[in-house]
Amino acid sequence: MNPYVLTILLSSLGLGTVLTFASSHWLLAWMGLEINTLAIIPIMAQQHHPRAIEATTKYFLTQATAAAMILFASTTNAWLMGEWEIHQLSHPLATTTVMLALALKLGLAPVHFWLPEVLQGLELTTGLILSTWQKLAPFALMIQVAPTINSSLLVAIGLLSTLVGGWGGLNQTQLRKILAYSSIAHLGWMVLILQFAPSLTLLSLSLYIIMTSSAFLTLKTNNALTINTLATSWTKSPTLAALAALVLLSLGGLPPLSGFMPKWLILQELTKQGLPLSATLTAMTALLSLYFYLRLCYALTLTIYPNTLTATAPWRLNFTMITLPLSIITILALGLLPLTPAVTAMLAL
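Quick caveat: nothing in here was measured; it's all calculated off a predicted structure.

Engineer: Can you walk me through the domain arrangement of the chain in this structure?
Structural biologist: Often, the extent of an interface is quoted as the loss of accessible area upon association of its parts. Taken domain by domain, the chain consists of domain 1 (1-149) and domain 2 (170-175 + 192-308 + 320-348). For domain 1 and domain 2, the distance between their C-alpha centres works out to 25 Å. Facing 16 residues of domain 1, the contacting portion of domain 2 comprises 17 residues. Buried area between domain 1 and domain 2, summed over both chains or domains, comes out near 1,400 Å², and the portion from carbon and sulfur atoms is 79%. Three residues stand out in domain 1 for area buried against domain 2, namely Leu124, Leu128 and Ile143, and they jointly supply 40% of the buried area on that side. At the junction of domain 1 with domain 2, the criterion picks out 0 salt bridges. Residue assignment for the side of domain 1 that touches domain 2 shows that the elements contributing at least two residues are helix 5 (114-120), helix 6 (124-131) and helix 7 (133-145).

Engineer: Mind showing me how you'd approach the environment of Ala137 here?
Structural biologist: With respect to the element layout, Ala137 can be found in helix 7. In this structure the C-alpha to C-alpha distance between Ala137 and Leu19, which are 118 residues apart in sequence, comes to 8.7 Å. Setting aside chain neighbours within four positions, we find Ala137 in contact with Thr17, Thr20, Phe21, Leu33 and Asn36.

Engineer: What is the right way to read the UniProt feature "transmembrane region" (unreviewed entry) in the chain from this model?
Structural biologist: As recorded in UniProt, the sites labelled "transmembrane region" (unreviewed entry) are residues 60-81, 93-116, 136-166, 178-196, 202-219, 240-261, 281-305 and 317-339. Secondary structure within residues 136-166 divides into 84% helix and 0% strand; the distance between the first and last C-alpha atoms comes to 22 Å. Annotated as residues 178-196, this span is 84% helix and 0% strand, and its ends, taken at the C-alpha atoms, are 29 Å apart.

Engineer: It is not clear to me how the pattern of salt bridges should be interpreted in this structure. Could you clarify?
Structural biologist: A pair can form between side chains of opposite charge whenever their charged atoms are brought close. Here the structure, examined in full by the defined rule, presents 2 salt bridges. Two residues, Glu54 and Lys58, come together in a salt bridge whose shortest N-O distance is 2.9 Å. Taken together, the residues Glu54 and Lys58, both in helix 3 (residues 50-81) and 4 residues apart, mark about one turn of the helix. Residue Glu117 pairs with Lys177 through a salt bridge whose shortest N-O separation is 3.4 Å. Of this pair, Glu117 sits in helix 5 while Lys177 sits in helix 9 (residues 175-193), placing them 60 residues apart in sequence. Judged by relative accessible area, Glu117 falls into the partly exposed class, the value being 31%. Taking the relative accessible area as the measure of exposure, Lys177 reaches 17% and is therefore buried.

Cut-offs used in this document
Residues numbered from 1 in each chain as written. Predicted model: local features only at pLDDT ≥ 70, side-chain atom pairs only at ≥ 80, totals over all residues. Heavy atoms only, no water. Domains from an automatic or database assignment. Contact = heavy atoms within 4.5 Å. Buried area = accessible area lost by both parts, 1.4 Å probe. Salt bridge = Lys/Arg side-chain N within 4 Å of Asp/Glu carboxyl O. Helix = DSSP H or I, 4+ residues; strand = E, 2+ residues; numbered from the N terminus. UniProt positions renumbered as here; feature names shortened; annotations may be inferred. Buried < 20%, exposed > 50% of the residue type's maximum accessible area, 1.4 Å probe, protein only.

If you want it as structure tokens, here you go:
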């Protein structure tokens, strides 16, 4: 893609998100979401591959549907209650419709079916943008409208997302689909705690972005798209393979890695709020996710090449990729747990 065109598209992507962040009026927020969607469509379709075009079409249709639902809900609220402000969303029909529309935009269960299929058709860099940056604008809106949404609906969507995210990833061999289901499960944790402690949702989102970025950049560096290809990574870069296994365990939420922090604090907060059953169910569904992370770790670090793999061994060419971002993000994805007391003190302010 022409660098000038790419610069314009990435700038528009940033503009759309910032516009949604800064807006207090529903029409302005909707405009930011539309700019965001229209800016990423050419980036997704730049491969000129049938799978990429199919993924782009699916993404466009789901995002357009969600945007139309948001516009309908905000117009309904303005018609019935006379308010266009995001904070003044008060009619039950409008709040429920907005919640479902934002769930569709993010890929939360039960409207998650598009996310694994879309992510599977994209290259890893575009998939990284879709899994991280594209979550920010809908989450900003969700945090603003969360106080007016029925808490039972939020808890139900959160629990269902963690269950679907863990269950759906069990039988997958494609790494992009596994990361899509991982995304659904993590978003479920965030939505679950959204009404009780929004600061924990932001903490969880930040760490999710760090860990997912590290996972995507590792796969891109190893040029791995399936579990079979992942098994050849150890011979190419043993250090990166070992760190990648730790990043996957961090995504699973094992101590003493960074991913344990948000899960620990969320379960603690749910118990404080008198929801021990929800906390127990969520912790149990985390075990499902942990299983497929361990499966990837096994393929990555405990499978010795050569073996009976269908994947071909890649050529050992001179390495020219910039690895500084990967190094920084991997360190953050592994070593932030000791900062938990400082984080909890900041959240208490």
